[in-house]
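A structural walkthrough
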Amino acid sequence: MKNFADIKRKLVEGNSLTMIRHDWYPEGKNMNLPRKIVKRQTNAIQFEGGSWLYLDRKASEYIPISENTFLVQLEPNKFMGYQIN
């Protein structure tokens, strides 16, 4: 993945998304828990169970790390990390 558009292309129904890092809540309850994507919109994805992840930040705040891993910048030097399965 090279940019935000590539990240969004991989966030499709049927894939799972796992939060692997959250600098504000290092011991968050959804950490390392794969969550299946059941619906995708232009600005959000919905997980099984009904919760949503909104993609409402600037494209420059989504930082691809590898082919299946990316960071979301929360503030300077604070990130959330995700892995697409």
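The structure under discussion appears in the preceding block.
Parameters at a glance
- Residues numbered from 1 in each chain as written.
- Predicted model: local features only at pLDDT ≥ 70, side-chain atom pairs only at ≥ 80, totals over all residues.
- Heavy atoms only, no water.
- Core = buried A, V, L, I, M, F, W, Y, C linked by side-chain atoms within 4.5 Å.
- Buried < 20%, exposed > 50% of the residue type's maximum accessible area, 1.4 Å probe, protein only.
- Helix = DSSP H or I, 4+ residues; strand = E, 2+ residues; numbered from the N terminus.
- Contact = heavy atoms within 4.5 Å.
- Pairing = 2+ DSSP bridges.
- Salt bridge = Lys/Arg side-chain N within 4 Å of Asp/Glu carboxyl O.

1. Topic: the nonpolar core
- Formed by 19 residues in total, the largest nonpolar core has its most connected members in Leu-11, Leu-17, Ile-45, Tyr-62, Phe-70 and Tyr-82.
- Every element with two or more residues in this core is listed here: α1 (4–10), β1 (16–22), β3 (44–47), β6 (69–75) and β7 (78–84).
- In this structure Tyr-82 touches Leu-17, Thr-18, Met-19, Ile-20, Leu-53, Asn-68, Thr-69, Phe-70 and Val-72, once residues within four positions along its chain are discounted.

2. Side note on the pairing of β1
- Burial runs high along β1: 5 of the 7 residues are buried.
- Here β1 pairs with strand β2 (residues 35–40) via 2 bridges, running antiparallel. Bridge pairing in β2 links Leu-17 to Arg-35.
- Alignment of β1 against β7, held across 5 bridges, turns out to be antiparallel. Residue Leu-17 lies in a different strand from β7, and its bridge partner there is Ile-84.

3. Some thoughts on the pattern of salt bridges
- Enumeration over the complete set of coordinates arrives at 4 salt bridges.
- Taking the shortest distance from any N to any O, the salt bridge between Arg-57 and Glu-61 comes out at 3.6 Å.

4. With respect to the pairing of β7
- Along β7, 5 of the 7 residues are buried, which leaves the element largely enclosed by surrounding structure.
- By the bridge criterion, 6 bridges tie β6 to β7 in an arrangement that is antiparallel. Each residue of the ladder has a partner; that of Glu-75, found in β7, is Lys-78.
- Between β6 and β7, which pair antiparallel in sequence order, lie 2 residues; one of them, Asn-77, sits at a positive phi of approximately 65°.

5. Notes on unusual backbone geometry
- Positive phi values are uncommon outside glycine, yet Asn-32 reaches one of about 60°.
- Mapped onto the fold, Asn-32 is located in the loop between β1 and β2.
- Its identity as a non-glycine residue notwithstanding, Asn-77 has a phi of 65°, on the positive side.
- With respect to the helices, strands and loops of the structure, Asn-77 is situated in the loop between β6 and β7.
- For Asn-77, a relative accessible area of 66% puts it in the exposed group.

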